[in-house]
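Topology and contacts: notes
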Amino acid sequence: MKQFNFILFGPPGAGKGTQAKTISSKFNIVHLSTGDMIRETKDDPVLSKYLVSGQLVPDEVIVEIVMKRLQKEDCKEGFLLDGFPRTIFQAQELDSFLKKLSRRVSAVFYIDISQEEIMKRLLRRRVCSKCGGSFNIELNPPKQEGFCDFCGEKLIQRKDDNIDTIKERLCVYEKQTKPLIKYYEEKGCIGRIDGAVSVDKVFKQIEDFVKNNIKIEGYFG
Ligand SMILES: [Zn+2]
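Anyway, here's the lowdown on the structure attached to this text. (Residues numbered from 1 in each chain as written. Predicted model: local features only at pLDDT ≥ 70, side-chain atom pairs only at ≥ 80, totals over all residues.)

Bringing unusual backbone geometry into the picture now. A cis geometry characterises the amide bond from Phe 84 onward to Pro 85, with omega recorded as -5°. With respect to the secondary-structure elements, Pro 85 resides in the loop between strand S3 (78-82) and helix H5 (88-100). Of note, Ser 102 is a non-glycine position whose phi angle comes to about 55°, a positive value. Positionally, Ser 102 belongs in the loop between H5 and strand S4 (107-112). Assessed through the 6 C-beta atoms surrounding it within 10 Å, Ser 102 is described here as exposed. (Helix = DSSP H or I, 4+ residues; strand = E, 2+ residues; numbered from the N terminus. Buried ≥ 20, exposed ≤ 12 C-beta atoms within 10 Å, placed from the backbone.)

Shown next, in the form of structure tokens:
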């Protein structure tokens, strides 16, 4: 049975959301964005405190949300995690959860991009509040200015896409999330993807990594 248990990894603003949509449709697996899962429960008073300040939600809370989601039927043949794990603790929890199901992480796509580029991109990002579609007013503008290509809803600038919050998020990423690169390098399942190129070229690298590193009989002919 084919099973793509993928993780999309990289700093905020690396273009994970856009790549996730393509990966999910090309490999026919469900896209699980922690951001979306959190926003779905944003009215929870404990959660909203973290969201407003741009801090990370505590590990235990995130792990619980994600593990619950992974048990659903649509994850049986694979999934793409986007925004999780963000800490070594979360990665270890994920590994032991999958082990119980006789599964494991098949590949981690690490989208690598400079801080200057991230800053530029995040300030120009506009997102759809309805379907999560993500655009860049310069690099990847919507067909109709101000409206989502996928569902037609109005586009907004996320509250946490401002200079101070971006700096804070990058700082947290460097400290808590970047150590995961080494964690997955030791497991031999991580591919470094150059994120400074066009959307299509980023996906091409991801596809090549899967073709060259994941042996799934019959899948690539
Ligand atoms: Zn939309």
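Continuing now.
In this structure, Phe 6, Leu 8, Phe 9, Leu 80, Leu 81, Phe 109 and Tyr 110 are the most contacted members of the largest nonpolar core, which totals 31 residues. Residues in contact with Phe 9, not counting those within four places in the same chain, are Val 108, Phe 109, Tyr 110 and Leu 180. (Core = buried A, V, L, I, M, F, W, Y, C linked by C-beta atoms within 7 Å. Contact = placed C-beta atoms within 7 Å.)

Bringing helix H4 (residues 59-70) into the picture now. Taking 1.5 Å per residue as the helical rise, H4 with its twelve residues ought to reach 16 Å, and the 16 Å between its terminal C-alpha atoms agrees with that figure. Residues of H4 that are buried: Ile 62, Val 66 and Leu 70. The buried residues of H4 occupy an angular sector of 65° when projected down its axis, which confines them to one face. Projecting away from the buried face of H4 at angles above 90 degrees are the exposed residues Glu 60, Glu 64, Met 67 and Lys 68. For H4, the elements touching its buried residues are helix H2 (34-40), S3 and H5. (Expected span 1.5 Å × (residues − 1). Arc of directions from axis to C-beta.)

Take the pairing of S3 next. Burial within S3 is extensive, with four of its five residues counted as buried. Relative to S3, strand S1 (residues 4-9) runs parallel, the two sharing five bridges. Looking at the pairing, Leu 8 lines up with Asp 82 of S3. Pairing analysis gives four bridges linking strand S2 (residues 30-33) to S3, with the strands arranged parallel. From the neighbouring strand, His 31 faces S3, where its bridge partner is Leu 80. (Pairing = 2+ DSSP bridges.)

Another aspect to go through is the environment of Gly 13. Relative to the helices and strands, Gly 13 is located in the loop between S1 and helix H1 (16-26). It is 17 Å that separates the C-alpha atoms of Gly 13 and Pro 142, two residues lying 129 residues apart in sequence. Not counting residues up to four positions away in its chain, the partners in contact with Gly 13 are Ile 118, Arg 121 and Leu 122.

This paragraph deals with the packing of H4 against H5. The interhelical angle for the contact between H4 and H5, taken along N-to-C directions, is 30°, at an axis separation of 10 Å. Of the possible angle classes, the one that applies to H4 and H5 is roughly parallel. In this structure, the crossing between H4 and H5 has a hand that is right-handed. Facing Asp 59, Ile 62, Val 63, Met 67 and Leu 70 of H4, the residues of H5 in contact are Phe 89, Gln 90, Glu 93 and Phe 97. Among the residues forming the contact of H4 with H5, the class breakdown is six nonpolar, one polar and two charged. (Axes fitted to C-alpha atoms, helices over the stretch in contact; angles between N-to-C directions. Parallel < 35°, antiparallel > 145°, perpendicular 65-115°, else oblique. Left-handed = near helix turned anticlockwise from the far one by under 90°. Nonpolar A, V, L, I, M, F, W, Y, C, P; charged D, E, K, R; others polar.)

The sheet built from five strands is open, its strands ordered S2-S3-S1-S4-S8 with parallel pairing. Two strands close off the open sheet at either side, each with one partner strand: S2 and strand S8 (190-194). Within this sheet the neighbouring strands show an average axis-to-axis angle of 20°, counted without direction. The sheet contact formed by S4 and S8 spans five bridges and is parallel. Within the sheet, the bridge partner assigned to Tyr 110 lies in S8 and is Arg 192. Each of S1, S4 and S8 touches helix H8 (residues 180-187); the most contacted strand, S8, lies at about 125° to it.

Within the element layout of this structure, Gln 19 appears in helix H1. Considered as a pair, Gln 19 and Ser 106 are 87 residues apart in the sequence and their alpha carbons are 17 Å apart. Leave out the neighbours within four places in its chain, and Gln 19 touches Leu 8, Val 202, Phe 203 and Ile 206.

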